[in-house]
Amino acid sequence: MDQWLAALPKTELHVHIEGTLEPELMFTLARRNGVSLPWVDVEGVRAAYRFHNLQSFLDLYYAGASVLQTEADFFQLAMAYFRRAVADGVKHCEVFFDPQTHIDRGIDIGTVIRGLARAAEAIRAESGLSVYYILCFLRHLSAESAMQTLLDALPYRRHFVGVGLDSSEVGNPPERFETVFEQARLEGLQRVAHAGEEGPPEYIWQALDLLRVARIDHGVRAEEDPQLMHRLQQEQIPLTVCPLSNLKLKGVDDLRQHNLKRLLDAGLCVTVNSDDPAYFDGYVLANYRAVAAALGLSRENLYNIARNGFVASFLPEVEKARWL
Ligand code: ES4
Ligand code: ZN
């Protein structure tokens, strides 16, 4: 089963590039760039990774991201992630990046995007992995800041396929971002949003109806709303579920309580992803293995999850067909 799972062609549709920053690279970049960190060493960082909710994680995640300064840093970060993804059997990934986390520290958006884009090209040549980027707006910031970020990114339009919405969910409903998502749609960009991770089903409805998203990131709280479940099933709107993330951020106390299998059995298009693998103790294959063991998933279940990843991706139909 283990070897079969490793060899199974997979996608990764929910990973934040800033969340792939391993403590070792964090310290390397801190030293290189003269940035001081609130931890003395790698062990100290790892010891700090005990979270009790999303916000307690985000505070550390933004602190860690402060070491990223140059185009070479973003390139190195992305290459390290891509090589791990390839080793996990990932054939195609759609990767979030958070420009506001960097712009607000005085880093030029071109520095961020050029470094990431160069890495996507390099890994394609090295391994055949295909990479799409999705620009995420931070929902704890204003809609005006999101719109400015979209405008700042438009000169680099060819380097990303869509926009997303992440950061602190509760108290920051999707509805505030309707205008910027409409602008993105008019630019021909795909749309996704984190919803129903910690927030209520109502936020998932808003993401669908107001932001017109093609996928819901997380979405596990959809289960509380039967009408919403019906809609997700009927329209086959994919959920990018991140089991180890839900565990680490205390969405569930034990993976055996995770609702992934119930969502799958209800006929939803469920995918498995890593979210912030450097912080949550596991890349995509580890997430597959963890749910396979905790929920007793069959090969057929796992095959269908992997297949859903290609179906749910933004690859052109001819590219999808290579894997289906
Ligand atoms: C995130 Cl787990 C999660 N939720 C919302 N925003 C995020 N950014 C990075 N990881
Ligand atoms: Zn996420």
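Predicted model, so just to flag it, every value in this text is computed and none were measured.

Some remarks on the overall build of the protein
No. 1: Per the secondary structure count, the protein includes 17 helices and eight strands.
No. 2: Radius of gyration (C-alpha) of the protein: 18 Å, near the 20 Å computed for a compact globule of 324 residues.
No. 3: Based on the C-alpha atoms only, the size of the protein along its principal axes is roughly 50 × 45 × 40 Å.
No. 4: Classification of the 324 residues of the protein by burial places 48% in the buried group.

Points about the packing of helix 8 (residues 143-153) against helix 9 (residues 178-186)
No. 1: The interhelical angle for the contact between helix 8 and helix 9, taken along N-to-C directions, is 15°, at an axis separation of 9 Å. Here helix 8 lies roughly parallel to helix 9, going by the angle between them. Like other packed secondary-structure pairs, helix 8 and helix 9 cross with a definite hand, here right-handed. Between helix 8, through Ala143, Ala146, Met147 and Leu150, and helix 9, the contact on the second element is made entirely by Thr179, Val180, Gln183 and Ala184.
No. 2: A class-by-class count of the residues in the contact of helix 8 with helix 9 yields six nonpolar, two polar and no charged.

Things to note about unusual backbone geometry
Among all residues except glycine, the phi angle is most often negative; among peptide bonds, the trans geometry is most common.
No. 1: Within the chain, Ser167 stands out as a residue other than glycine whose phi angle is a positive 80°.
No. 2: Structurally, the position occupied by Ser167 is in the loop between strand 4 (162-166) and helix 9.
No. 3: One non-glycine residue, His218, adopts positive backbone phi at about 75°.
No. 4: In this structure, His218 sits in strand 6 (residues 215-218).
No. 5: For His218, a count of 27 C-beta atoms within 10 Å gives the class buried.

Quick word on the site of ligand 1
No. 1: Around ligand 1, the neighbouring residues are His16, Gly19, Leu54, Tyr61, Asp166, Ser167, His194, Glu197, Ser245, Asp275 and Asp276.
No. 2: Of the residues that constitute the shell around ligand 1, the class distribution is two nonpolar, five polar and four charged.

Observations regarding the nonpolar core
Across soluble globular proteins, nonpolar side chains have a tendency to be buried as a group.
No. 1: Ranked by internal contacts, the top residues of the largest apolar core, which has 91 residues, are Val95, Phe97, Leu116, Ile134, Ala207 and Val270.
No. 2: When neighbours within four sequence positions are excluded, Leu116 is seen to be in contact with Ile17, Phe74, Ala78, Phe97 and Tyr133.

What about the UniProt feature "binding site: substrate" (unreviewed entry) in the protein?
No. 1: Taking the UniProt record as the reference, the feature "binding site: substrate" (unreviewed entry) is found at Asp276.
No. 2: Its location among the elements puts Asp276 in the loop between strand 8 (270-272) and helix 14 (277-280).
No. 3: Those residues within four positions of Asp276 in sequence are excluded, and the remaining contacts are His16, Gly19, Tyr61 and Ser245.

So, how was this worked out
Residues numbered from 1 in each chain as written. Chains lettered and ligands numbered in written order. Predicted model: local features only at pLDDT ≥ 70, side-chain atom pairs only at ≥ 80, totals over all residues. Helix = DSSP H or I, 4+ residues; strand = E, 2+ residues; numbered from the N terminus. Rg over C-alpha atoms; globule rule 2.2 N^0.38 Å. Buried ≥ 20, exposed ≤ 12 C-beta atoms within 10 Å, placed from the backbone. Axes fitted to C-alpha atoms, helices over the stretch in contact; angles between N-to-C directions. Parallel < 35°, antiparallel > 145°, perpendicular 65-115°, else oblique. Left-handed = near helix turned anticlockwise from the far one by under 90°. Contact = placed C-beta atoms within 7 Å. Nonpolar A, V, L, I, M, F, W, Y, C, P; charged D, E, K, R; others polar. Near = placed C-beta within 6 Å. Core = buried A, V, L, I, M, F, W, Y, C linked by C-beta atoms within 7 Å. UniProt positions renumbered as here; feature names shortened; annotations may be inferred.

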